[in-house]
Amino acid sequence: MFHVVLLHPEIPPDTGNAIRMVACTGASLHLVEPLGFVLDDARLRRAGLDYHDLARVHVHADLPALWEALAGDGPLPRVYAFSTAATTRYTDVAYAPGDALLFGRESTGLPEEVQRAPQVTERLRIPMVPGRRSLNLSNSAAIAVHEAWRQHGFAGGA
């Protein structure tokens, strides 16, 4: 299905919500260190409830390790970096299974150098009312995953 990547997430409940979301959509979650919490944090467990065992969660030491893991034995999948500075809407992309949806930390978003990395296929944005800073991280990831999944008829869903 799809890969959700959280680069240096800081807030345990956001990551817990993302764990629950990937468990319910069939996506996988990739967390790139450093994390702003330890994975056994009670707030993380509470937000993910009993979905931890149903989710595919991978932790990577850094971005090069992520790129290597996503590529496996083949080419790197398409990587879409989500940013409030992007001009292309997330709904204007034809997603393919295996695509990676990359999100930055809650406080600062994706660093510019990551958005411009050669591994990134395109930068995407989720429209908002003008003058707002950003959406919640786990909400943004859920919006993007559900659009990608919708484009494939919610394959595997009930």
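About the criteria used
- All residue numbers here refer to positions counted from 1 along the written sequence of the relevant chain.
- Owing to the predicted nature of the model, reporting of local features is limited to residues with pLDDT of at least 70; listing and counting of side-chain atom pairs is limited to 80 or more, with chain, interface and lining totals taken over all residues.
- Only hydrogens and water are set aside; all other atoms, that is, all heavy atoms of the structure, feed into the side-chain values.
- Residues grouped as a nonpolar core are buried Ala, Val, Leu, Ile, Met, Phe, Trp, Tyr and Cys residues, joined through side-chain atoms within 4.5 Å.
- Three exposure classes are used, based on accessible area relative to the maximum for each residue type with a 1.4 Å probe and protein chains only: buried under 20%, partly exposed in between, and exposed over 50%.
- Numbering of helices and strands runs from the N terminus; a helix is a DSSP stretch of H or I covering at least four residues, while a strand is a stretch of E covering at least two.
- Contacts are assigned to residue pairs that have any heavy atoms within 4.5 Å of one another.
- A patch consists of residues exposed above 30% relative accessible area that lack any salt bridge, with like charges linked at up to 9 Å and nonpolar side chains (Val, Leu, Ile, Met, Phe, Trp, Tyr) linked at up to 5 Å.
- Here the open area of atoms and residues is found with the Shrake-Rupley method and a 1.4 Å probe, where only the protein chains shown may cover a residue.
- Any carboxyl oxygen of Asp or Glu that lies within 4 Å of a side-chain nitrogen of Lys or Arg is treated as forming a salt bridge with it.
- Angles shown run from 0 to 180 degrees and are taken between the N-to-C directions of axes, each axis being a line fitted to C-alpha atoms and, for helices, limited to the stretch in contact.
- Between 65 and 115 degrees an angle is taken as roughly perpendicular, under 35 as roughly parallel, over 145 as roughly antiparallel, and anywhere else as oblique.
- In this scheme, a crossing is called left-handed if the near helix is turned counterclockwise away from the far one by less than a right angle; it is called right-handed if the turn is clockwise.
- For two strands to count as paired, DSSP must find a minimum of two bridges between them.
- Any two of the Phe, Tyr and Trp rings considered here, Trp counted by its six-membered ring, make a pair once their centres fall within 6.5 Å; the pair's planes then place it as stacked at under 30 degrees, edge-to-face at over 60, or tilted in between.

*Asks:* So what exactly am I meant to see when it comes to the nonpolar core here?
*Replies:* If you look at soluble globular proteins, the nonpolar side chains tend to sit buried side by side. Of all hydrophobic cores here, the largest spans 28 residues; its most connected members are V4, L6, L29, F82, Y95, L101 and F103. Of all the elements in the fold, those that place two or more residues in this core are β1 (3–7), α1 (12–25), β2 (28–32), β4 (79–82), β6 (100–103) and α5 (137–150). In terms of residue count, α5 provides more of this core than any other element does, six residues in total. Setting aside its immediate chain neighbours within four residues, F82 contacts Y90, Y95, L101, L102, F103, L110, L124, I126 and A144. Formed by 15 residues, the second largest nonpolar core is a distinct cluster that contains V5, L63, V79 and L110.

*Asks:* Would you mind going over a nonpolar patch on the surface with me for this structure?
*Replies:* Residues L39, V57 and V59 make up a contiguous nonpolar surface patch of roughly 190 Å² in combined accessible area. Structurally, V57 is set in strand β3 (residues 56–60).

*Asks:* Teacher, can you tell me more about the packing of α1 against α5 here?
*Replies:* Think of two packed helices as two axes; the pair is described by the angle between the axes and how far apart they sit. Interaxial distance between α1 and α5 falls to 8 Å at its minimum, and their mutual angle equals 15°. The angle between the axes of α1 and α5 places the two elements in the roughly parallel class. α1 and α5 meet at a crossing whose hand is right-handed. Note on element contacts: α5 touches α1 through L137, S138, A141, A142, V145, H146 and W149, opposite D14, N17, A18, M21, C24 and T25.

*Asks:* Honestly, the pairing of strand β7 (residues 122–125) in this entry has me stumped. Any pointers?
*Replies:* The side chains of a regular strand alternate, residue by residue, between the two faces of the sheet. Summarising the sheet, β4 and β7 pair through three bridges and their orientation is parallel. Residue F82 lies in a different strand from β7, and its bridge partner there is L124. Inspection of the sheet shows strand β5 (residues 88–89) paired to β7 by two bridges, in the parallel sense. Each bridged residue has a counterpart across the sheet, and for R89 the counterpart in β7 is R125.

*Asks:* I keep staring at the packing of aromatic side chains and nothing clicks. Help me out?
*Replies:* When we look at a pair of aromatic rings, we describe it by the centre distance and by the angle of the planes. By the definition in use, this model includes three aromatic pairs. Ring centres of Y80 and Y95 lie 5.6 Å apart, and the angle between their planes is 75°; on these two criteria the pair is classed as edge-to-face. One end of the pair, Y80, is in strand β4; the other, Y95, is in the loop between β5 and β6, and 15 residues separate them in sequence. Note on Y80: relative accessible area 3%, which makes it buried. Taking the centre distance of 5.1 Å and the plane angle of 85° together, the rings of W149 and F154 count as edge-to-face. The class for F154 is partly exposed, based on a relative accessible area of 35%.

*Asks:* Just to check I follow, could you spell out the environment of L63 for this structure?
*Replies:* Residue position: L63 is located in helix α3 (residues 63–71). When its relative accessible area of 18% is taken as the criterion, L63 is described as buried. For L63, the contacting residues outside a window of four places in its chain are L7, V32 and V114.

*Asks:* What is the right way to read the sheet that holds β5 from this model?
*Replies:* Strand pairing in a sheet is mediated by backbone hydrogen bonds. Such pairs are either parallel or antiparallel. In space, the seven strands of this open sheet follow the order β3-β2-β1-β6-β4-β7-β5, with parallel pairing throughout. Of all the strands in the sheet, just β3 and β5 have a single pairing partner and so form its edges. Here α1 sits on the sheet and contacts β1, β2 and β3; the angle it forms with β2, its principal contact strand, is near 155°. Contacting β1, β2, β3, β4 and β6, α3 runs over the sheet at an angle of about 155° to β2.

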